[in-house]
Amino acid sequence: MNLAKVLFVIGAVICLPLYGFLSVTALDPVTGFLASENVLTTVFYAALLIAPVLILLSALFLHKKPAFSITNSKILAILSAVLGVVMMLNGFIVLWQLIASVRATLASQYIFQLPAGALLSALHILTAVLGGLVFLRLAISYFQENIANRESKAFLFPLAWSLICCVELFRDYPQIAGMPERMLFLLCLLAFTLFLTGQSRILGDVDFEKGIRWVNGFGLCAALFGLTMTVGEIAAHSSMTLPIFDAVLAFVLALYCLFFSVNVYTDKD
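These numbers were taken from a predicted model, which means no experiment stands behind them.

### A look at the overall build of the chain
Within the chain, the secondary structure is distributed over eight helices and two strands. Each helix (α) and strand (β) of the chain, taken in turn from the N terminus, gives the series α-α-β-α-α-α-α-α-α-β. Within the chain, contacts between residues at least 6 apart in sequence are counted, and of these 80% link residues at least 24 apart. With an accessible surface of roughly 12900 Å², the chain has 72% of that area assigned to carbon and sulfur atoms.

### So, the side chain of Ser 121
For Ser 121, the position within the fold is in helix α4 (residues 118–144). Exposure remark for Ser 121: the relative accessible area of 12% places this residue in the buried category. The contact partners of Ser 121, leaving out residues within four places of it in the chain, are Val 94, Leu 98 and Glu 168.

### Concerning the state of the cysteines
Within the structure shown, the criterion is met by zero disulfides. Looking at the unpaired Cys 166, the closest cysteine sulfur is the one in Cys 165, lying at 7.0 Å. Overall, Cys 166 belongs to the buried group, its relative accessible area being 5%. Cysteine Cys 188 shares no disulfide, and the gap to the nearest cysteine sulfur, in Cys 257, comes to 6.6 Å. Overall, Cys 188 belongs to the buried group, its relative accessible area being 0%.

### Regarding the packing of aromatic side chains
Within the structure shown, the criterion is met by eight aromatic pairs. A ring pair is formed by Phe 192 and Phe 195, whose centres lie 6.0 Å apart and whose planes are at 20 degrees; its orientation type is stacked. Taken together, the residues Phe 192 and Phe 195, both in helix α6 (residues 180–203) and three residues apart, mark about one turn of the helix. Take Phe 195: its relative accessible area is 0%, and that puts it in the buried class. Through successive ring pairs, a cluster of aromatic residues spans Phe 135, Phe 192, Phe 195, Tyr 256 and Phe 260. The ring of Tyr 173 carries the charged tip of Arg 182 above its face, separated from the ring centre by 4.0 Å.

### Observations regarding α4
Spanning 27 residues, α4 covers 39 Å between terminal C-alpha atoms, matching the ideal 39 Å at 1.5 Å per step. Glu 145 sits one or two positions beyond α4 and adopts a positive phi of about 55 degrees.

### Examining the nonpolar core
The biggest cluster of nonpolar side chains holds 73 residues, and the ones touching the most others in it are Phe 192, Phe 195, Tyr 256 and Phe 260. Taken together, the elements giving at least two residues each to this core come down to α1 (3–25), α2 (39–62), α3 (73–107), α4, α5 (156–172), α6, α7 (208–235) and α8 (244–261). Looking at this core element by element, the count peaks at 12 residues for α6. If near-sequence neighbours (up to four positions away) are discounted, Tyr 256 is found in contact with Leu 76, Leu 79, Ser 80, Leu 83, Phe 135, Leu 138, Tyr 142, Phe 195 and Gln 199.

### As for the pattern of salt bridges
A pair can form between side chains of opposite charge whenever their charged atoms are brought close. Applying the stated criterion across every chain, the model contains two salt bridges. Asp 172 is paired through a salt bridge with Arg 171; the nearest N and O atoms lie 3.0 Å apart. A relative accessible area of 42% places Arg 171 in the partly exposed class. When the shortest N-O distance is used, the salt bridge between Arg 213 and Glu 209 registers 2.8 Å.

### Some thoughts on the packing of α6 against α7
Two elements in contact, α6 and α7, have axes separated by 7 Å at closest approach and are oriented at 155 degrees. Considering their axes alone, α6 and α7 lie roughly antiparallel with respect to each other. When the axes of α6 and α7 are compared, the crossing they make is left-handed. Taken together, the residues of the contact of α6 with α7 sort by class into 18 nonpolar, seven polar and four charged.

### Here we look at the environment of Val 102
If you trace the backbone, Val 102 turns up in helix α3. Note: C-alpha distance between Val 102 and Ala 118 (16 residues apart in sequence) is 8.8 Å.

### Quick word on the layout of surface pockets
There is about 560 Å³ of room inside the largest pocket. In this structure, the largest pocket is lined by 26 residues; those nearest its centre are Val 94, Gln 97, His 124, Glu 168 and Asp 172. Taken together, the elements giving at least two residues each to the lining of the largest pocket come down to α3, α4, α5, α6 and α8. Broken down by element, the residue count for the lining of the largest pocket peaks at six residues, all from α3. Of the residues in the lining of the largest pocket, the class split is 15 nonpolar, six polar and five charged.

What counts, and where the lines are drawn
- Residues numbered from 1 in each chain as written.
- Predicted model: local features only at pLDDT ≥ 70, side-chain atom pairs only at ≥ 80, totals over all residues.
- Heavy atoms only, no water.
- Helix = DSSP H or I, 4+ residues; strand = E, 2+ residues; numbered from the N terminus.
- Contact = heavy atoms within 4.5 Å.
- Areas by Shrake-Rupley, 256 points an atom, 1.4 Å probe, with all protein chains shown as cover.
- Buried < 20%, exposed > 50% of the residue type's maximum accessible area, 1.4 Å probe, protein only.
- Disulfide = S-S within 2.5 Å.
- Phe/Tyr/Trp six-rings, centres within 6.5 Å; stacked < 30°, edge-to-face > 60°.
- Lys NZ or Arg CZ within 6 Å of the ring centre and 35° of its normal.
- Expected span 1.5 Å × (residues − 1).
- Core = buried A, V, L, I, M, F, W, Y, C linked by side-chain atoms within 4.5 Å.
- Salt bridge = Lys/Arg side-chain N within 4 Å of Asp/Glu carboxyl O.
- Axes fitted to C-alpha atoms, helices over the stretch in contact; angles between N-to-C directions.
- Parallel < 35°, antiparallel > 145°, perpendicular 65-115°, else oblique.
- Left-handed = near helix turned anticlockwise from the far one by under 90°.
- Nonpolar A, V, L, I, M, F, W, Y, C, P; charged D, E, K, R; others polar.
- 1 Å grid on protein atoms, 1.4 Å probe; cavity = no way out; pocket = protein on both sides within 12 Å on 5 of 7 lines; lining within 4 Å.
- Points joined across faces, edges and corners; volume = space filled by probe spheres on them.

The following block contains the structure:
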């Protein structure tokens with residue numbers, strides 16, 4: 001086990017139960033903010049900052065001769081298929097919201113005024129569907145243990161989808177830094193975006209070693225953020241402010257990143 005994985009385990013042991021406890025005792029169900037600042041809150045935010053930084057440092061700078069081998073292809077195939085379906089469902093949800101917004105606009109007196117962010121939503125829908133298809137195709141490749149179309153540019157579609165999700169989340173919640181649920185979701189998406197950059201390098205045979213480092217570092221960070229958020233949502237299910245679908249999405253992203261990153265090792269492992 002390399003150092004990044006050890007740091008991930010330590011961060012998970014601290015952050016997951018601590019955030020679960022805070023979600024039950026200190027989370028305001030109306031605003032999504034932590035209702036009170038205390039020692040445990042400070043410890044949680046400190047661990048959430050320090051653990052990912054150390055993971056990234058160990059993955060990006062301290063590894064020697066990193067290597068990659070898919071040893072759990074069947075699990076990755078299942079997770080890739082689930083992620084593809086969830087990604088496409090996300091696109092359909094945005095499409096439904098866009099249609100409702102357009103209908104509301106047509107029913108108003110401002111008939112020629114497009115809904116705010118309509119173009120971004122259209123790109124969101126397109127990249128969600130195409131990105132979902134990429135992961136469904138990747139699931140087949142995992143089952144066959146043969147990555148097809150290695151030089152394909154299609155890996156850019158899920159990356160674009162993830163980046164658009166980050167932009168929309170930050171746009172909709174400008175005070176997101178004080179909202180731990182949405183902050184964790186945003187951090188998970190940001191880390192997933194950079195993880196996809198590394199994955200595309202590995203699967204596309206482009207700067208293989210750099211791709212391994214990015215996958216190990218940002219993949220484990222995405223897993224830490226996503227799993228921490230999932231524990232909090234389960235603990236505070238009766239007062240959660242995030243949509244259930246977002247919690248499911250973060251959980252699936254976290255699992256996929258975790259199992260993909262597990263395949264990174266060094267010569268000393």
